[in-house]
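Structural description and commentary
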Amino acid sequence: MPFRHIHHAVLAIIMLLSTAVMAHSPLIAVTPVDGARLATAPQTIEMQFRDPSRLIRFTLAAEADGASVALDDSHLMIEAVDHTVSLPVLAAGDYTASWRAMGADGHVIRGRFSFTIAPE
Amino acid sequence: MFEIWDILRPLTKFCLYLAMLGAAGGLIFEVLFRRFVPEVTQRHVSRLVGIAAWAGLVLVGARLVVAAGSLGGDLASMTDPVLLGLVMKSPLGLSSVVAGIGLAMITVIARVKARGEQAARIVAAATVLLSLTLVGHATTLGAVTGVLLALHLGGVAFWLGALLPLRQMCGDAGDADSMAMLADIADRFGRNAQRVVPVLIVAGVAYAAILTGSVAAMLTSGYGLALLVKIGLVAGLLGLAARNRFRIVPALQAGDLSAALRLRRTIDWEILVAMAVLVMSSLLASSLTLPMRGME
């Protein structure tokens, strides 16, 4: 009976799940770009999606202490291609932004990017 | 970063595809072949269709809850009314409502015997299949992709819906009469499949070609590679179907008793490969990670 091979199939599924397959309405540009090293603190973060998408969650955390930066939520729940997140005055250091959004086709997309503020 | 939603989303989708295609496929089998199969098989199919429809209704709800959880990224989001509202306003919400209507119709059809039930079966199966075209890639690439996907899914449902009834008939084929009936229905299914399967394949390939845009994209993107795996599995499925059509069915018609057992074994393999195809379809339709820097 072929059903005895089901455990092989389950293993294959888990392997497939760990592989990047595809996403919907991907982010095509972000400013500051991932890995950027900035001389001055940015006042905003700009995100551009391929299709209209709705930002659901956006957090910015300082690497030094892991604390989240307090942000207003005016940029959330708006369906658009371009999104702007206003930032408070950021101190020097490494930051990681994490976001989740809903694409035009209803799928969930997510990602993260980092930048460093290092005044010369 | 790997999240629980990366498993829950495709898993829910896989189970839902199975239930919806099983329910719609069972109805298609009833419409086309019910009058040619013994009463025990008729009851078997009706029971399977009913189970698939009820499971589908539960899974439609589960998909909405999982989608809301995936949006928020935590378990509490699964019951967040704001996120659930967003999901309901998205194409997934519309798809779920239409699927719910179709599946509810099927549960009613399974209980009520009345005139016009053949028409009701066709409408219910079409409604369930239509719901699958209202969400995902088909919604963002125009009406052509929606029509292609509907044709593809109709063919898949026709195929899947016949596997378990045929398997059940193989198990019961112990005398000349039941063998003759099995040979007849397997032959009828095969002749119908020769018309349906080319449509299924052409529609699926055209849909995939529009989606990936180019051969290069198919070979270099994760989506394209997953699609190639699916195409390979479908090729295997076609090989099994061809074995049934051109070797086992003629043996059944010649009265070879061992042919029923061989057909049952081949159908077991078809079911296994079909499950693998559905797994690939669930992965293809689910957003996991992005092959772009700055995204996960």
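Sequence positions are assigned chain by chain, starting from 1 and proceeding in written order. The lettering of chains begins at A and the numbering of ligands begins at 1, in the order of writing. Note on the predicted model: pLDDT of at least 70 is required for a residue's local features to be given, and 80 or more for side-chain atom pairs to be given and counted; whole-chain, interface and lining totals, by contrast, use all residues.

Segments assigned H or I by DSSP are reported as helices when at least four residues long, segments assigned E as strands when at least two residues long, and all are numbered from the N terminus. Across its full length, chain B holds eleven helices and zero strands. Listed N to C, the secondary structure of chain B is α-α-α-α-α-α-α-α-α-α-α in terms of helices and strands. Rg of the C-alpha trace for chain B: 20 Å, near the compact-globule value of 19 Å for 296 residues, within the 12% margin. By its C-alpha atoms, chain B is 65 × 45 × 30 Å across when sized along the principal axes. Note that the radius of gyration is over C-alpha atoms, with the globule rule given as 2.2 Å times the number of residues to the power 0.38.

Across its full length, chain A carries one helix and six strands. Mapped from its N terminus to its C terminus, chain A presents α and β elements in the order α-β-β-β-β-β-β. Working definition of burial: number of other C-beta atoms within 10 Å of the residue's own, with buried at 20 or more, exposed at 12 or fewer, and partly exposed in between, all C-beta atoms being placed from the backbone. Sorting the 120 residues of chain A into buried and exposed places 28% on the buried side.

Take helix α10 (residues 222–253) of chain B next. All names here are of chain B. Working rule for helices: expected span equals 1.5 Å times residues minus one. End to end, α10 covers 45 Å across 32 residues, agreeing with the expected 46 Å (1.5 Å per residue, within 8%). At any given residue, the bend is defined as the angle formed between two axes, one fitted to the seven residues that end at that position and one fitted to the seven that begin there. At Asn244, α10 is bent by approximately 35°, the largest bend along its length. Taken residue by residue, α10 has Tyr223, Gly224, Ala226, Leu227, Lys230, Val234, Asn244, Ile248, Val249 and Leu252 as its buried positions. Contact between residues is assigned whenever the C-beta positions, reconstructed from backbone atoms, fall within 7 Å. Buried residues along α10 sit in contact with α8 (176–212), α9 (215–220) and α11 (258–285). Looking one or two places after α10, you find Gly255, whose phi comes out positive at around 85°.

For the rest of this paragraph, the subject is helix α1 (residues 5–33) of chain B. For an α-helix, 3.6 residues make a turn, and residues three or four places apart therefore share a direction. A rise of 1.5 Å per residue sets the reference length of α1(B), with its 29 residues, at 42 Å; its end C-alpha atoms lie 40 Å apart and thus fit the reference within 8%. For α1(B), the buried fraction is high: 22 of the 29 residues fall into the buried class.

Residue and element names in this part refer to chain B. With their axes 7 Å apart at the nearest point, α1 and helix α7 (residues 143–172) run at an angle of 80° to one another. The angle between α1 and α7 places the two elements in the roughly perpendicular class. Contacts between α1 and α7 involve Leu21, Gly22, Ala24, Gly25, Gly26, Ile28 and Phe29 on the former and, on the latter, Val156, Ala157, Phe158, Leu160, Gly161, Ala162 and Pro165. Among the residues making up the contact of α1 with α7, the classes are represented as ten nonpolar, four polar and no charged. Under this scheme, a helix contributes an axis fitted over its contacting stretch, all axes are lines through C-alpha atoms, and angles between N-to-C directions fall in the 0 to 180 degree range. Should an angle fall under 35 degrees it is called roughly parallel, over 145 degrees roughly antiparallel, and 65 to 115 degrees roughly perpendicular, with every other angle called oblique. Here the term charged refers only to Asp, Glu, Lys and Arg, the term nonpolar to Ala, Val, Leu, Ile, Met, Phe, Trp, Tyr, Cys and Pro, and the term polar to all other amino acids, Gly among them.

What follows deals with the environment of B:Leu153. Residues and elements named next belong to chain B. Examined against the element boundaries, Leu153 turns out to sit in helix α7. Residues Leu153 and Gly204 lie 51 residues apart in sequence; the distance between their C-alpha atoms is 8.7 Å. Contact partners of Leu153, with chain neighbours within four places excluded, come to Leu129 and Leu132.

Another point: the pairing of strand β6 (residues 108–117) of chain A. Residues and elements named next belong to chain A. At least two DSSP bridges between two strands are required for those strands to pair. When strand β2 (residues 36–38) meets β6, the two strands line up parallel, connected through three bridges. Within the sheet, the bridge partner assigned to Arg37 lies in β6 and is Thr116. Alignment of strand β5 (residues 93–102) against β6, held across ten bridges, turns out to be antiparallel. Each residue of the ladder has a partner; that of Tyr95, found in β6, is Phe115. The hairpin formed by β5 and β6 contains five residues between the paired strands, and Gly106 there has a positive phi angle of roughly 90°.

For our purposes the nonpolar core covers buried Ala, Val, Leu, Ile, Met, Phe, Trp, Tyr and Cys residues that link as a set through C-beta atoms within 7 Å. Grouped together as the largest cluster of nonpolar side chains are 112 residues, with contacts concentrated most on B:Met20, B:Ala23, B:Ala24, B:Ala157, B:Leu182 and B:Leu252. B:Leu252 has contacts with B:Met179, B:Leu182, B:Ala183, B:Ala186, B:Ala259, B:Ala260 and B:Leu263, leaving out every residue within four places of it along the chain.

This brings us to the environment of A:Thr31. Residue and element names in this part refer to chain A. With respect to the helices and strands, Thr31 occurs in strand β1 (residues 27–31). Along the sequence, Thr31 and Ser74 sit 43 residues apart, while their C-alpha atoms lie 18 Å from each other. Once residues within four sequence positions are removed from consideration, Thr31 is found in contact with Ile45 and Glu46.

As a further point, take the environment of B:Val273. Residues and elements named next belong to chain B. In this structure, Val273 sits in helix α11. Taking the C-alpha atoms as reference points, Val273 and Leu237, separated by 36 residues in sequence, lie 6.5 Å from one another. Setting aside residues up to four positions removed in sequence, Val273 forms contacts with Leu233, Gly236, Leu237 and Leu240.

Attention shifts here to unusual backbone geometry. Leave glycine aside and you will find that most residues have negative phi; peptide bonds, for their part, are mostly trans. Residues and elements named next belong to chain A. At the junction of Thr31 and Pro32, the peptide bond is cis and its omega measures out at 0° in the coordinates. Turning to its location among the elements, Pro32 is positioned in the loop between β1 and β2. Residues other than glycine seldom take positive phi values, yet Met77 does so here, at roughly 70°. Summarising the element assignment, Met77 is placed in the loop between β3 (44–62) and β4 (79–86).

This part covers the confidence of the model for chain B. Residues and elements named next belong to chain B. The predictor rates its confidence in each residue with pLDDT, a number between 0 and 100. Confidence along chain B averages 88 in pLDDT terms, with 96% of residues attaining 70 or more. Throughout residues 287–296 the model reports pLDDT below 50, and contacts reaching past four residues in sequence, or to other chains, amount to 36 contacts. Scored as a complex, the prediction yields pTM 0.82 and ipTM 0.72.

Right, let's get into the packing of helix α5 (residues 117–132) of chain B against α7(B). Residues and elements named next belong to chain B. One way to put it is that α5 packs onto α7 with a least axis distance of 9 Å and a crossing angle of 130°. Between α5 and α7, the angle falls in the class oblique. Crossing of α5 against α7: the hand is right-handed. Each of Ala125, Leu129, Leu130 and Leu132 in α5 lies in contact with α7, whose residues at this interface are Ala150, Leu153, Gly154 and Ala157. The residue inventory of the contact of α5 with α7, partitioned by class, reads seven nonpolar, one polar and no charged. By definition, turning the near helix anticlockwise from the far helix through less than a right angle yields a left-handed crossing, and turning it clockwise yields a right-handed one.

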